[in-house]
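Topology and contacts: notes
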Amino acid sequence: MLKVENLTKTYRSGGRELTVLSDVSFELQAGDTFAIVGPSGSGKTTLLGLCAGLDRASRGSVWLSGIRLDELSEDERAAVRNEHVGFIFQNFQLLPTLTALENVLVPLELRGVRGGAKTALALLERVGLGGRGHHYPAQLSGGEQQRVSLARAFANEPRILFADEPTGNLDADTSERVVELLFALNREAGTTLVLVTHDLELAARTGRVVRLRGGALVSDSLTEAAAAPPR
Amino acid sequence: MSAAPQTRPGLGWLLRMAWRDSRRSRGRLLLFLSAIVLGIAALVAINGFGDNLARSIDEQARELVGADLVLSAPQPFTAPLSPALGRRVRARSEEVAFASLVQFPRGEGVRLAQVRALTGGFPYYGDWLVEPREAVAAFRRAGSEQRLALVDDALLLQFNARVGDSIKVGRLRFLIAGRVTKTPGQSGLNAALAPTVFIPRSWLAATGLQQRGSRLQYRQYFQLSAGTPVDRLLRPLQSRLDEAGIDADTVSDRQRQTGRAFGDLTRFLSLVAFVALLLGCVGVASAVNLYVRDKIAAVAVLRCLGASGRQALLIYLLQTAVMGLLGAALGAALGTGLQWLLPRLLADFLPVGIRITVSWPAVLQGLLSGLLVAVLFALLPLLAIRRVSPLRTLRGPVEEEGRRAPDPLWLGVYGLIGLLLLGFAYWQTREIKLALGFVGGLLLAFGALAGLAAALRYLVRRHLPTGGSFVLRQGLANLYRPNNQTITLTVAVGLGVLLLAVLFLLQGLLLGRVELAGGGRQPNLVLFDIQPGQRAGVQALLREQRLPVLQQVPVVTMRLQAINHRPASFYQQDSSRGVPRWAFRREYRVTYRNTLISSEKLAAGRPPTLEADGRPRISLEEGFFRRLKLQLGDTLTFNVQGLPLETIVSGTRTVDWTRVQTNFIVLFPAGVLEPAPQFYVLMSRVPDNAALGAVQRALVQRFPNVSAIDLALILRTVDDILDRIAVVIRFMAFFSMGTGLLVLASAVVVSRYQRARESVLLRTLGAARRQVLLITLVEYAVLGWLAALTGLLLAGVAGWALAYWVFEVPFRPDPLPLLALALTTTLLTVIIGLLNSRAVLTRPPLEVLRSEAV
Ligand SMILES: Nc1ncnc2c1ncn2[C@@H]1O[C@H](COP(=O)(O)OP(=O)(O)OP(=O)(O)O)[C@@H](O)[C@H]1O
Ligand SMILES: [Mg+2]
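About the criteria used
- Residues numbered from 1 in each chain as written.
- Chains lettered and ligands numbered in written order.
- Predicted model: local features only at pLDDT ≥ 70, side-chain atom pairs only at ≥ 80, totals over all residues.
- Heavy atoms only, no water.
- Pairing = 2+ DSSP bridges.
- Helix = DSSP H or I, 4+ residues; strand = E, 2+ residues; numbered from the N terminus.
- Contact = heavy atoms within 4.5 Å.
- Buried area = accessible area lost by both parts, 1.4 Å probe.
- Salt bridge = Lys/Arg side-chain N within 4 Å of Asp/Glu carboxyl O.
- Polar contact = N/O pair within 3.5 Å; in protein donor to acceptor, adjacent residues only side chain to side chain.
- Near = heavy atom within 4 Å.
- Areas by Shrake-Rupley, 256 points an atom, 1.4 Å probe, with all protein chains shown as cover.
- Nonpolar A, V, L, I, M, F, W, Y, C, P; charged D, E, K, R; others polar.
- Patch = residues over 30% accessible without salt bridge, like charges linked within 9 Å, V, L, I, M, F, W, Y side chains within 5 Å.
- Lys, Arg positive; Asp, Glu negative; His and termini not counted.
- Charge placed at Lys NZ, Arg CZ, Asp CG, Glu CD.
- Buried < 20%, exposed > 50% of the residue type's maximum accessible area, 1.4 Å probe, protein only.
- Axes fitted to C-alpha atoms, helices over the stretch in contact; angles between N-to-C directions.
- Core = buried A, V, L, I, M, F, W, Y, C linked by side-chain atoms within 4.5 Å.
- Domains from an automatic or database assignment.
- Phe/Tyr/Trp six-rings, centres within 6.5 Å; stacked < 30°, edge-to-face > 60°.
- Lys NZ or Arg CZ within 6 Å of the ring centre and 35° of its normal.

1. Some remarks on the sheet that holds strand S4 (residues 59-64) of chain A
Sheet strands pair via backbone hydrogen bonds, and the direction of the pair is either parallel or antiparallel. Residues and elements named next belong to chain A. Taking strand neighbours across the sheet as the criterion, the 4 strands line up as S2-S1-S4-S5 in an open arrangement whose pairing is antiparallel. Edge positions in the sheet fall to strand S2 (16-28) and strand S5 (67-68), since each has one partner strand and no second. With 2 bridges connecting them, S4 and S5 associate as antiparallel partners. Its bridge partner being in S5, Trp63 is matched across the sheet by Arg68.

Below is the structure:
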């Protein structure tokens, strides 16, 4: 499903080279759940961005659903994202000028799906926001916004979901609800999940955890959750 | 990847997204597109007016001429043309026209007027507006029974005369039977320069004004049966007419001439309108630039969700296109309304009454122009959207990795804009050189202003004083802080000032040219039509009045008969020789002397001489020589009042036409023309109006056929006309100024979205409101003042160039009004800036912070 080989990313700033990711390799099967942990600045977000085709690696390659991303143009990668990928962001990234329902609709509309409104509404109901479809993001709380963005992430039935600190901006209780929803939806759809987090407890709910330090993969282990097959 | 869904969501989705996305920012979109409203309005108004004018001229050309055919000649018609036209002639009028001094005995007023001695029913078409109405019929009946005259309103007004008074023309007194307010074929301008007195033809001889050598114009007016193909009937007669020195003027001739003259006028005005539109475009580009910065986050999300760069771009392009169309529609409506105003402003120049209707071509063109410029200028900043990285969703604003190559599309858009400008300028001027000059000048002005702004920004950033007042430092720093509007404001303000200043200077140059002609020791009284026998008498008369004789020249009138022994008909068949038709049609007024005078300079060859072979060597004015494509040594055969006279071109000379001299195109040597019928022109200078009146009265008494031109009066009339033209041009410039202010306002308002937080933060940190206002004041005062000064500087360069190359007068601008213009502009800029920050300051900080947050 996702294969990463010798992935290296260097930034050139002020004439100096800064390697933020060096020689990272791993492979995920369809339906895997996967967490990337590590201290701040260790390159987690960088790795996620590269896997999702949001950025280009300096060296190495990424296969997503068998498509080699580094050979594609930005617009082609966008098409791949629309087709196969869903996103959850720390700061929700809802389009502020669109209502909740319209935000969920966008990925469907981008695919040219007709009558997507029904699907979108069902998804909103699924995340418990059926009655808030006509509200703008500014009229929703952080937790509600993140639930809308969950609904949006699953709208195009992605094969793989990338989440960067999905609970980073939320309090403990709200986080719990969002995480519950995330895993539930993920199970229902059988989606591959790549999660970046500081929260080791959250990481432990995935099947596999890799640890980054200074841009290098320092550990890669299966968790107990992996031992117990998905309920 | 074959499944590229770039095209899958179609236009419908893009439109829907554009609509949704605009929900929060429609106010701002409207605001910056208001910038193009005035430009489009000006364009539509002018072009619509031009359309209406052209149509009205076509419809009313017959009324303009007053007849189906007019023949005119400087001598009496020998063989009437009537047989050729046969039974088609329904009516015919004859007229002899000449300039003469006329006198109002009651008030002793004397003035040069155009006298038209008329028989028959002319004008056959159009309204001859005479009060009382019965006067026309009475005048036509009068014949040799009654001495009746119809007199132009302007003349009656000047001497405070009324219907029922009498007027003296030559030796005869006429009863003023009617006041003429409008005559077909005569514009208000004509009437002001040479007011007309109509008298019955049968009294002409008795006035004593019809003498040999007098400059008389003979005309015949024909009314033909409906549907007569005049132009076709005339064609075979053309060479005969040319030989006889007869000029034929038909309705379609007049349509063409008038149409062309006014086409030029409206095209010039539409260039002025276009500048307004361009200024608006700069506003659009800069406002969209800021708008795009606000939208980048949303674009990054869309990119993450799989929208292609093109789709994201199209969403925002559609927004601006719709707004552009909206702005253009508003402008078109406004411009169509303004059309009703223009005829009033131009009333004195227009030859026809204008029936105003909505001109759909002009409206369509306005809509298209609006859409096109809005889209193109918005594209410049919008193109950046294609390159927004989806990575922003994870990281927020990312520093670009290294330098990116310039977007080739960007260059393409610039190229398109250049082509558009050039195309428009060419379309309006129909002259590639002029179009290039216009676009080049514009680019230069834009470049200079933008360059200045960039330099200013750089200098302030580098050398911002570290000490000094807090207010001053903050104000200056605002010039280069992120989201600064330095360049837009400088261009908008500078271009506005440039335009107004150039118009002001232009007016000064035109007036200066006129004053040059009237000032100093130059002659201001011209006497002409002095017969050889009257010369001594007139000189004596001037001596009695203690007036100088500044110049005294004999004039012989003649026509050109052949060039290198080939007649006019030869050159008409062979147009490749480039001898224009008018060369054979016009009357040449020629003088003779063997030396050049102070207003002339030898360009090539020699001054005129008389050679032994009996063929006089003549000198031609250089421009004329070139337009006829002549060469030294060519033979010109003139018809001197019936007798052919062969001459050889032996030299050319340049003539300074601005000098009040009797200037001539053709100069003969002495010793040839002395026996020919001729008259003298004499120049003098009168100190005041009393002296003028005295000499005019004496002239009318003793030499009624001698005409006197009061140059001061002419200069005043020209002055008056220029004033009216200036009003029209200023009216057009108003659009540019209005647009400039709108752009200014919208640029400032748009930047408020960025600045509001800063001001509020400053306030939260304890800055007094006064301080925040002062910071704004410093910022806008510096900007406004520098932009205005640059505008003035550029205007100075343009003015000097115009003075040097076009008008050929010394350039001495009056600095005070210009300085006042710069100050006013600066003040306006500051006021707009202050009003804007006041809006921020009067609201509670919290409300601002919340509402400005997205
Ligand atoms: N555009 C860039 N130019 C230079 N350095 C960059 C750039 N983007 C990221 N970095 C650096 O790369 C390193 C890794 O950043 P990254 O955002 O991947 O860390 P992270 O593990 O996600 O941290 P956090 O847990 O704080 O989100 C950091 O040291 C960061 O400063
Ligand atoms: Mg991170």
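Past the structure itself, the notes keep going.
2. Notes on the interface of chain A and chain B
Taken together, the contact between chain A and chain B spans 39 residues of the former and 36 residues of the latter. Contact between chain A and chain B buries roughly 3300 Å² in total, counting both sides, with carbon and sulfur atoms accounting for 60%. Considering only the surface of chain A that becomes buried against chain B, Thr97(A), Glu109(A) and Leu110(A) emerge as the three largest contributors, covering 19% of it. Inspection of the region where chain A meets chain B yields 6 salt bridges. Residue Glu74(A) pairs with Arg303(B) through a salt bridge whose shortest N-O separation is 3.3 Å. Linking chain A to chain B there are 15 residue pairs in polar contact (both at pLDDT 80 or more). Going through the elements one at a time, strand S1 (2-13), helix H1 (44-51), helix H2 (74-84) and helix H3 (100-111) of chain A are the ones with two or more residues in the side of chain A that touches chain B. Top element by residues in the side of chain A that touches chain B is H2(A). It accounts for 8 residues.

3. Some details on the site of ligand 1
Not every one of the 15 residues close to ligand 1 is listed here, only the nearest: Ser40(A), Lys44(A), Thr45(A), Thr46(A) and Arg395(B). Looking at what sits near ligand 1, you find residues from chains A and B. With respect to ligand 1, the backbone of Ser42(A) contributes an N or O atom lying 3.2 Å from an oxygen atom. Gly43(A) is positioned such that a nitrogen or oxygen atom in its backbone is 3.0 Å from an oxygen atom of ligand 1. In isolation ligand 1 has 640 Å² of accessible area, and contact with the protein removes 71% of it. Where the shell around ligand 1 is concerned, the elements lending two or more residues are S2 and H1 of chain A. When residues of the shell around ligand 1 are assigned to their parent elements, the largest contribution, 3 residues, is made by H1(A). The residue inventory of the shell around ligand 1, partitioned by class, reads 5 nonpolar, 7 polar and 3 charged.

4. Digging into the pairing of S2(A)
All names here are of chain A. Strand direction decides the pairing type here: S1 and S2, joined by 9 bridges, are antiparallel. Bridge assignment links Arg12 to a residue of S2, and that residue is Glu17. Counted between consecutive antiparallel strands, the loop separating S1 from S2 contains 2 residues, among which Gly14 sits at a positive phi close to 60°.

5. A look at the pairing of S4(A)
All names here are of chain A. In terms of strand pairing, S1 meets S4 through 5 bridges, oriented antiparallel. Paired with Glu5 across the strands is Ser61, a residue of S4. Hairpin geometry of S4 and S5 is characterised by an intervening segment of 2 residues between the two adjacent antiparallel strands and by a positive phi of about 50° at Ser65.

6. Focus on a positive patch on the surface
Taken together, Arg87(B), Arg88(B), Arg232(B) and Arg235(B) make up a surface patch of like positive charges. Residue classification places Arg235(B) among the exposed positions, given a relative accessible area of 57%.

7. Section: the pattern of salt bridges
Residues and elements named next belong to chain B. Going through the model one piece at a time under the given rule, you end up with 35 salt bridges over all chains. Salt-bridge contacts for Arg589 lead to Glu587; the nearest nitrogen and oxygen are separated by 3.9 Å. Overall, Arg589 belongs to the partly exposed group, its relative accessible area being 42%.

8. Observations regarding unusual backbone geometry
The step from Phe122(B) to Pro123(B) runs through a cis peptide bond, and the omega angle for that step is -5°. Turning to its location among the elements, Pro123(B) is positioned in the loop between strand S3 (109-118) and strand S4 (129-131). The peptide bond linking Glu131(B) to Pro132(B) adopts the cis configuration, its omega dihedral lying at -10°. Residue position: Pro132(B) is located in the loop between S4 and helix H4 (134-142). Here the phi dihedral of Asp23(A) falls at roughly 50°; this positive angle occurs in a residue that is not glycine. As for its position among the elements, Asp23(A) is in strand S2. Here Asp23(A) falls in the partly exposed class, since its relative accessible area comes to 48%. Residue Arg546(B) is not a glycine yet carries a positive backbone phi of 60°.

9. Topic: the sheet that holds strand S3 (residues 33-37) of chain A
Residue and element names in this part refer to chain A. The 6 strands are arranged S6-S7-S8-S3-S9-S10 in an open sheet whose pairing can be described as mixed. Two strands close off the open sheet at either side, each with one partner strand: strand S6 (85-88) and strand S10 (216-222). Across this sheet, the average inter-strand angle for adjacent strands is 15°, counted without regard to direction. Here 4 bridges tie S3 to strand S9 (residues 208-213), and the two strands are oriented parallel to one another. Of the residues in S9, the one forming a bridge with Ile36 is Val210. Against the sheet, H2 engages S6 and strand S7 (160-164), with an angle of about 85° to S6. The sheet contacts of helix H6 (residues 172-189) involve S3, S7 and strand S8 (192-196), and relative to S8 the element is tilted by about 155°.

10. Quick look at the nonpolar core
Here is a general trend for soluble globular proteins: nonpolar side chains tend to be buried in one another's company. Ranked by internal contacts, the top residues of the largest apolar core, which has 122 residues, are Val106(A), Leu382(B), Met732(B) and Phe735(B). Two domains share this core, each providing at least three of its residues, namely domain 1 (9-68 + 263-398 + 406-430) and domain 3 (453-520 + 712-854) of chain B. Contact partners of Met732(B), with chain neighbours within four places excluded, come to Ala42(B), Ile46(B), Leu269(B), Val272(B) and Ala273(B). Within the second largest apolar cluster, 61 residues are counted, among which are Val526(B), Leu541(B), Val556(B) and Val579(B).

11. Some words on the packing of aromatic side chains
Two descriptors summarise a pair of aromatic rings, namely the distance from one centre to the other and the angle between the planes of the rings. A complete count under the given rule lists 12 aromatic pairs over all chains for this structure. Considering the side-chain rings of Tyr291(B) and Tyr316(B), the 6.5 Å spacing of their centres and the 70° angle between planes classify their relative orientation as edge-to-face. Placement of the pair is Tyr291(B) in helix H10 (residues 251-304) and Tyr316(B) in helix H11 (residues 309-338), with a sequence separation of 25 residues. Assigned by exposure class, Tyr291(B) and Tyr316(B) land together as buried. Through successive ring pairs, a cluster of aromatic residues spans Tyr588(B), Phe624(B), Phe638(B) and Phe668(B). Between Lys3(A) and the ring centre of Trp63(A), over which it is positioned, the NZ or CZ distance is 4.7 Å. The ring of Tyr125(B) has Arg62(B) lying over it, and the distance from NZ or CZ to the ring centre is 3.8 Å.

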